Amino acid sequence: MPVAPNAPPRPLPAALLGFALVGAAAALGGAYLDDAWHTSRGRDSFFIAPHIAIYGGVGVIGAVLAIWVLRMLRRGGRAAVRRRPSAILAVVALAGTLASAPVDNAWHVAFGRDAVLWSPPHLLGIVGTLALGSAILMEARARPWARLAAGGLVLAAANFTVAEYETDVPQFSAAFYLPALAAAAIVGLSIVRPCTPGDAWAGTKASIVHGLFVAAIALLLRATGFPAPSVPVVIAAAVALDLSSRRRLVVRAGLVVAALALAIPVRRLLGSDVRVDAKDLATGAALAFGVALVLLSGVQRALRPRSVAPLAAGATVVALLLLPAVALAHDPGQGEDAGAARLQARGAGKTVRLSGRLRPCRPIRSGRVLARRAGDTIDRPLRVRGCSFDGTVGVTELGRWFVYADLESESGPVETWISLVVRSGHSRSFAANRFAYTPSPQRTTIVKGLGGGALYLAVAALLFATLWAVSRPVTRPAAAAHR
């Protein structure tokens, strides 16, 4: 039975909140699996386990959202929805997240290879998921168990922007890792902290949940033979921000960057595969300090009239995303089916040897071996004989490399690849029936630049809307949530 339009809107019921958290966890877990899947197997069918987990999780959230909004409409009409910032944010975020899938597919069709996490369609999906998690967190304020879980998932969504670095498959220079990590940590923690008023350690607690979540995902991936993410170091930024909440912005920014800069090599000493040398760490720290200072200032002043801080913060984020665009990122395994290959890559220090044979056999005229990592491509000629090939290439650093055979056969170009973790000693990677394909060219056009800029602006707008929504006062006292 409808009630007065000015009736206080009811919070998301506990059962629906639980389903929303499960959906968010499934979507984020699927995203980590998707990253590992493409690292190991490249791009194949759309109907793979990671995609099912991602869109199944988003579908669960969508169903919860639909039930919740319908209940609010029945009880208080459209005014009830308008008075609930979390509901508005959830609707907008769901639309952005769902739109990212067809936009991503159209992007690949139009422009070819561009599968890095920082591509415009992927960032739209990531920030959409972050906004959805934030809406859930806003509704979980009155329930400590749900608030803690939602806070951890919000940090997981924010930190996923650096997942390629933390799974040792960097597409761009390692110097961008620390500033991107600092930006992700500050944004995530700036969402978590306002939703937990009165708790001086809210960020640290959420970062512990985030770490446990990623650890569980890592164990699952290792058990199934996939590369796993390293333990996240967001907790270092969380402790720094929680301890310095009353300090000046310059001090807070410096503490966040220093904490993360120290945590990265410490994690390496504990066995992480993520490698950042001293030069990249120093360059990244300088960039990260500027990013942290502007973002912290923007978050603090975002709601002040005529403030230029939001514009400055948005411009900084966009610049951070666009600067690495000079690197030629790649989309392993994209192209039309061209059979298969028997592939073997062996590493001896920084020397990598690739050998293989096309299946079915087709004569090869010439070929090159290419090693790709962090925007760098090193290539050398292959020795070819019939449908077999063999060659070596020297790489510049240790870590995971994508090793390609770029072949010219009698029927046209053929490409195949395999990933290899190059260590100081010996390493090996083998595939008896690896896929081969006709590579699709990467096309850079004015339309791509304009479209990418428009999508980045949409991402920035959604991010600002999220920060604005979480700073809104609760529309109903927490005690009323249980009546």
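Please refer to the structure higher up on the page.
Since this is a predicted model, take the numbers as computed values, not measurements.

**Considerations on the pairing of strand β8 (residues 412-422)**
Link 1 in the chain: Of all the 11 residues making up β8, 9 are buried; the element is thus mostly covered by neighbouring parts of the structure.
Link 2 in the chain: Pairing geometry for strand β7 (residues 399-409) and β8, over 11 bridges, is antiparallel. Paired with S409 across the bridge in β8 is G412.
Link 3 in the chain: The antiparallel hairpin formed by β7 and β8 contains 2 residues in its connecting segment.

**Describing empty space enclosed by the protein**
Link 1 in the chain: Here the structure, examined in full by the defined rule, presents 4 cavities of 30 Å³ or more.
Link 2 in the chain: Taken as a whole, the second largest cavity encloses approximately 100 Å³ of empty space.
Link 3 in the chain: As for the second largest cavity, its lining consists of L12, A20, I61, V64, L65, W68, A90, L132, A135, I136 and E139.
Link 4 in the chain: Contributing elements (two or more residues each) for the lining of the second largest cavity: α2 (49-82) and α4 (120-139).
Link 5 in the chain: Its residues placed into classes, the lining of the second largest cavity shows 10 nonpolar, no polar and 1 charged.

**Topic: the packing of helix α8 (residues 202-223) against helix α9 (residues 234-243)**
Link 1 in the chain: Interhelical geometry of α8 versus α9 gives an angle of 170° and a closest axis separation of 8 Å. In terms of orientation, α8 and α9 fall into the roughly antiparallel class. Between α8, through A202, G203, T204, S207, I208 and H210, and α9, the contact on the second element is made entirely by V234, I235, A238, V239 and D242.

**Description of the packing of aromatic side chains**
Link 1 in the chain: What the rule picks out here adds up to 9 aromatic pairs.
Link 2 in the chain: Here the aromatic rings of W118 and Y165 are separated by 6.0 Å at their centres, their planes lie at 50°, and the arrangement is tilted. Separated by 47 residues along the polypeptide, W118 in the loop between α3 (85-111) and α4 and Y165 in helix α6 (residues 163-166) bring together distant segments of the chain.
Link 3 in the chain: Overall, W118 belongs to the buried group, its relative accessible area being 7%.
Link 4 in the chain: According to the relative accessible area criterion, Y165 is buried, its value standing at 7%.

**Remarks on α3**
Link 1 in the chain: Here α3 contains 27 residues, and its C-alpha end-to-end distance of 37 Å stays within 8% of the 39 Å for a straight helix at 1.5 Å per residue.
Link 2 in the chain: The largest bend in α3 comes to about 30°, at S100, with the proline P102 one to four residues further on.

**Thoughts on the layout of surface pockets**
It is a probe the size of a water molecule, rolled over the atoms, that shows where empty space is left.
Link 1 in the chain: In this model, the second largest pocket occupies a volume close to 520 Å³.
Link 2 in the chain: Forming the boundary of the second largest pocket are 28 residues, of which R222, A228, P229, S230 and D273 lie nearest the centre.
Link 3 in the chain: Broken down by element, the residue count for the lining of the second largest pocket peaks at 5 residues, all from α8.

**Considering a nonpolar patch on the surface**
Link 1 in the chain: On the surface, I208, L212 and I235 cluster together into a nonpolar patch covering about 270 Å² of accessible area.
Link 2 in the chain: If you trace the backbone, I235 turns up in helix α9.

**Considerations on the pattern of salt bridges**
Link 1 in the chain: Enumeration over the complete set of coordinates arrives at 9 salt bridges.
Link 2 in the chain: For R193, the salt bridge identified is with D242, shortest N-O distance 2.3 Å. Linking R193 in the loop between α7 (177-192) and α8 with D242 in helix α9, this pair joins segments that are 49 residues apart in sequence.
Link 3 in the chain: Residue R193 is classed as partly exposed on the basis of its relative accessible area, which comes to 25%.
Link 4 in the chain: A single salt-bridge network, built from bridges that share partners, covers D168, R373 and E397.

**Some details on unusual backbone geometry**
Link 1 in the chain: The linkage connecting R359 with the following residue, P360, adopts the cis geometry, with an omega of -5°.
Link 2 in the chain: Among the secondary structure elements, P360 is positioned in the loop between β2 (351-359) and β3 (364-373).
Link 3 in the chain: The backbone of D168 shows a phi angle near 60°, a positive value even though the residue is not glycine.
Link 4 in the chain: Within the secondary structure, D168 sits in the loop between α6 and α7.

**Focus: α7**
Link 1 in the chain: With 16 residues, α7 should cover 22 Å at 1.5 Å per step; its first-to-last C-alpha distance of 22 Å lies within 8% of that length.
Link 2 in the chain: Most of α7 sits out of view: 16 of its 16 residues are buried.

**Overview of the state of the cysteines**
Link 1 in the chain: Applying the stated criterion across every chain, the model contains 1 disulfide.
Link 2 in the chain: Each sulfur in the disulfide pair C361 and C387 lies 2.1 Å from the other. Sign of the S-S torsion, about -105° for the bond between C361 and C387, identifies this disulfide as left-handed. In this pair, C361 is assigned in the loop between β2 and β3 and C387 in the loop between β5 (383-385) and β6 (388-394), connecting sequence segments 26 residues apart.

Rules behind the numbers
- Residues numbered from 1 in each chain as written.
- Predicted model: local features only at pLDDT ≥ 70, side-chain atom pairs only at ≥ 80, totals over all residues.
- Heavy atoms only, no water.
- Buried < 20%, exposed > 50% of the residue type's maximum accessible area, 1.4 Å probe, protein only.
- Helix = DSSP H or I, 4+ residues; strand = E, 2+ residues; numbered from the N terminus.
- Pairing = 2+ DSSP bridges.
- 1 Å grid on protein atoms, 1.4 Å probe; cavity = no way out; pocket = protein on both sides within 12 Å on 5 of 7 lines; lining within 4 Å.
- Points joined across faces, edges and corners; volume = space filled by probe spheres on them.
- Nonpolar A, V, L, I, M, F, W, Y, C, P; charged D, E, K, R; others polar.
- Axes fitted to C-alpha atoms, helices over the stretch in contact; angles between N-to-C directions.
- Parallel < 35°, antiparallel > 145°, perpendicular 65-115°, else oblique.
- Contact = heavy atoms within 4.5 Å.
- Phe/Tyr/Trp six-rings, centres within 6.5 Å; stacked < 30°, edge-to-face > 60°.
- Expected span 1.5 Å × (residues − 1).
- Bend = angle between axes of the 7 residues up to and from the residue.
- Patch = residues over 30% accessible without salt bridge, like charges linked within 9 Å, V, L, I, M, F, W, Y side chains within 5 Å.
- Areas by Shrake-Rupley, 256 points an atom, 1.4 Å probe, with all protein chains shown as cover.
- Salt bridge = Lys/Arg side-chain N within 4 Å of Asp/Glu carboxyl O.
- Disulfide = S-S within 2.5 Å.

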